[in-house]
Number of protein chains: 2
Amino acid sequence: MKVLLIGANGTIGRAVRKQLEMRHEVVTAGRNEADLLVDITSPNSIKEMYLKIGKVDAVICAAGATFFGSLTELTPEKNEQSIQSKLKGQVNLVLLGHEHVNNNGSFTLTTGIIMEEPIVGGVSAAMVGGAIKAFVESAAFELPRGIRINHVSPTVIAESIEKYGPYFPGFEPVSAYRVAKAYQKSVEGIQSGKTYRVY
Amino acid sequence: MKVLLIGANGTIGRAVRKQLEMRHEVVTAGRNEADLLVDITSPNSIKEMYLKIGKVDAVICAAGATFFGSLTELTPEKNEQSIQSKLKGQVNLVLLGHEHVNNNGSFTLTTGIIMEEPIVGGVSAAMVGGAIKAFVESAAFELPRGIRINHVSPTVIAESIEKYGPYFPGFEPVSAYRVAKAYQKSVEGIQSGKTYRVY
């Protein structure tokens, strides 16, 4: 399969790449150090990326930023950062990309445990996760030509525990390897509209 | 209680008003024919509304538009209509409003059955509903001074069945009265972070 991996340089992206490039042609995309440069907050940048790559069998998004901060300091402007990047960025990869995906191909997006288990400062990320989850569950029934769509919802990753651990008290970390296996399941499996929780 | 009801002229809004004005002071807000004019797609308009009304005990939003159309015709621009109105409009009513809500007051937002039971053309509305649900579930733990937040998720309303019935095949309609009771439960009850399904 030809797999387009957006956000290949992050902790999750690197593990997904390692997991998939054994069996597939993986084309990386991101803001820097990638085969294709893309800024997912820009619909035009997404369109250009798809025009450059042509047809693919799978699109994986492990990119997207969200604002972290308590509800009382969350402003419409700060919340907009999450909406522009991890919400609209991921949704627009699907809306602008499905014509570039071969029959029976797939999209795999990324959410996170925060949408189901709130943490302090995670309200904006939770909102985005809930949006992507419902979008995936609905889009699964409307995508044409057998194209599937799923999302992976990881808890805190062991490899990022020094940076993020303090925000996830009592959350049992999982390895990036285990998270990457969920993306593999989505790409190579048969399900659609599914939440792959890695908790 | 002093209740701010945004979207008082819709099918749901009218029923909520009727249900609540027997026991509470209901101040209506909306784009027209309301005590206070507000456009929830504009943060400045929301701020002005709150400055005019001062302190309230409950904020109810029964307003917000979403784009309906199949996934293959859904563009980033059409999806943006839903994000600006029903997603950011409702979230910003909370972000910009919690300081105007008295201790132990409440917010009640509106989602819908589509986020859990997809219908053709409902992908954008589903995305918004999922976002509001996760936002509510997370914000419930962070709102200060005992302020609660819930959302009501109605199925198709009997009073709107001629207009919307064809989009909801096999969905059993509920009366606007039953939906209004859920808003009453949210405003006068004790729960927070709750989805009040009226299916």
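Whatever comes next refers back to the structure up there.
The shown structure was predicted, so the numbers you read here are calculated from the model rather than taken from an experiment.

Draft legend 1. Representation of the overall build of chain A within the structure. Per the secondary structure count, chain A includes 6 helices and 7 strands. In sequence order, the secondary structure elements of chain A are arranged as β-α-β-β-α-β-α-β-α-β-α-α-β. On the principal axes, the C-alpha backbone points of chain A span a range of 45 × 35 × 35 Å. Scored against the burial criterion, the 199 residues of chain A give a buried share of 59%. A fraction of 68% describes how many contacts in chain A between residues 6 or more apart in sequence connect residues 24 or more apart. For chain A, the accessible area works out to roughly 8,200 Å², and carbon and sulfur atoms hold 50% of it. Taking the average place of the 21 positive charges on the side chains of chain A and the average place of its 19 negative ones, the gap between the two points comes to 4 Å.

Draft legend 2. Quick look at the interface of chain B and chain A. If you look at the interface, chain B gives 36 residues, while chain A gives 37 residues. Taking both partners together, chain B and chain A bury about 2,900 Å²; carbon and sulfur atoms supply 70% of that area. Viewed at the interface, chain A and chain B are joined by 2 salt bridges. A:K88 is paired through a salt bridge with B:E80; the nearest N and O atoms lie 2.6 Å apart.

Draft legend 3. Structural view of the sheet that holds strand β6 (residues 148-154) of chain A. Residue and element names in this part refer to chain A. An order of β3-β2-β1-β4-β5-β6-β7 is seen for the 7 strands of this open sheet, with the pairing classed as parallel. Both outer strands of the open sheet, β3 (36-37) and β7 (194-198), are each paired with one neighbouring strand and no more. Set on the sheet, helix α1 (residues 11-20) makes contact with β1 (2-6), β2 (25-30), β4 (56-61) and β6; between it and β1 the angle comes to about 170°. Against the sheet, helix α4 (residues 123-139) makes contact with β5 (101-110), β6 and β7, and its axis sits at roughly 155° relative to β6, the strand it touches most.

Draft legend 4. Spotlight on the pattern of salt bridges. What the rule picks out here adds up to 10 salt bridges over all chains. Among the salt bridges present, the one from A:K133 reaches A:E137, with a minimum N-O distance of 2.9 Å. Taken together, the residues span about one helical turn, with A:K133 and A:E137 both in helix α4 at a distance of 4 residues. You can call A:K133 partly exposed: its relative accessible area is 21%. A salt bridge links B:R197 to B:E116; its shortest N-O distance comes to 2.5 Å. Residue B:R197 is located in strand β7 (residues 194-198), and its partner B:E116 is located in the loop between β5 (101-110) and α4 (123-139); the two are separated by 81 residues in the primary sequence.

Draft legend 5. Spotlight on the packing of aromatic side chains. Residues and elements named next belong to chain B. Applying the stated rule across the entire model yields 2 aromatic pairs over all chains. Summarising the aromatic geometry, the rings of F168 and F171 are spaced 5.2 Å apart at their centres and angled 85° between planes, so their arrangement reads as edge-to-face. Judged by relative accessible area, F171 falls into the buried class, the value being 16%.

Draft legend 6. Molecular detail of the relation of the copies chain B and chain A. Expressed as a screw operation, the relation of chain B to chain A combines 0.0 Å of axial shift with a rotation of 180°, fitting to an RMSD of 0.0 Å. Viewed as a symmetry operation, the transformation between the two copies matches a two-fold axis. Here 100% of the contact residues of chain B are again contact residues in chain A; the copies associate through an equivalent surface.

Draft legend 7. Summary view of α4(A). An ideal rise of 1.5 Å per residue puts 24 Å on 17 residues; α4(A) measures up with 24 Å between its terminal C-alpha atoms. By the criterion of burial, α4(A) is predominantly enclosed, with 15 of the 17 residues buried.

Draft legend 8. Fine view of the pairing of strand β4 (residues 56-61) of chain B. Residues and elements named next belong to chain B. With 5 of 6 residues buried, β4 lies mostly within the body of the structure. Of the strand pairs in this sheet, β4 and β5 are connected by 4 bridges, and their pairing is parallel. The residue bridging A58 from the neighbouring strand is S106, located in β5. With respect to chirality, the unit in which β4 leads through helix α3 (residues 76-95) into the neighbouring parallel β5 is right-handed.

Criteria and cut-off values
Residues numbered from 1 in each chain as written. Chains lettered and ligands numbered in written order. Predicted model: local features only at pLDDT ≥ 70, side-chain atom pairs only at ≥ 80, totals over all residues. Heavy atoms only, no water. Helix = DSSP H or I, 4+ residues; strand = E, 2+ residues; numbered from the N terminus. Buried < 20%, exposed > 50% of the residue type's maximum accessible area, 1.4 Å probe, protein only. Contact = heavy atoms within 4.5 Å. Areas by Shrake-Rupley, 256 points an atom, 1.4 Å probe, with all protein chains shown as cover. Lys, Arg positive; Asp, Glu negative; His and termini not counted. Charge placed at Lys NZ, Arg CZ, Asp CG, Glu CD. Buried area = accessible area lost by both parts, 1.4 Å probe. Salt bridge = Lys/Arg side-chain N within 4 Å of Asp/Glu carboxyl O. Pairing = 2+ DSSP bridges. Axes fitted to C-alpha atoms, helices over the stretch in contact; angles between N-to-C directions. Phe/Tyr/Trp six-rings, centres within 6.5 Å; stacked < 30°, edge-to-face > 60°. Least-squares fit on C-alpha atoms with pLDDT ≥ 70 in both. Expected span 1.5 Å × (residues − 1). Right-handed = clockwise from strand over helix to strand, strands pointing away.

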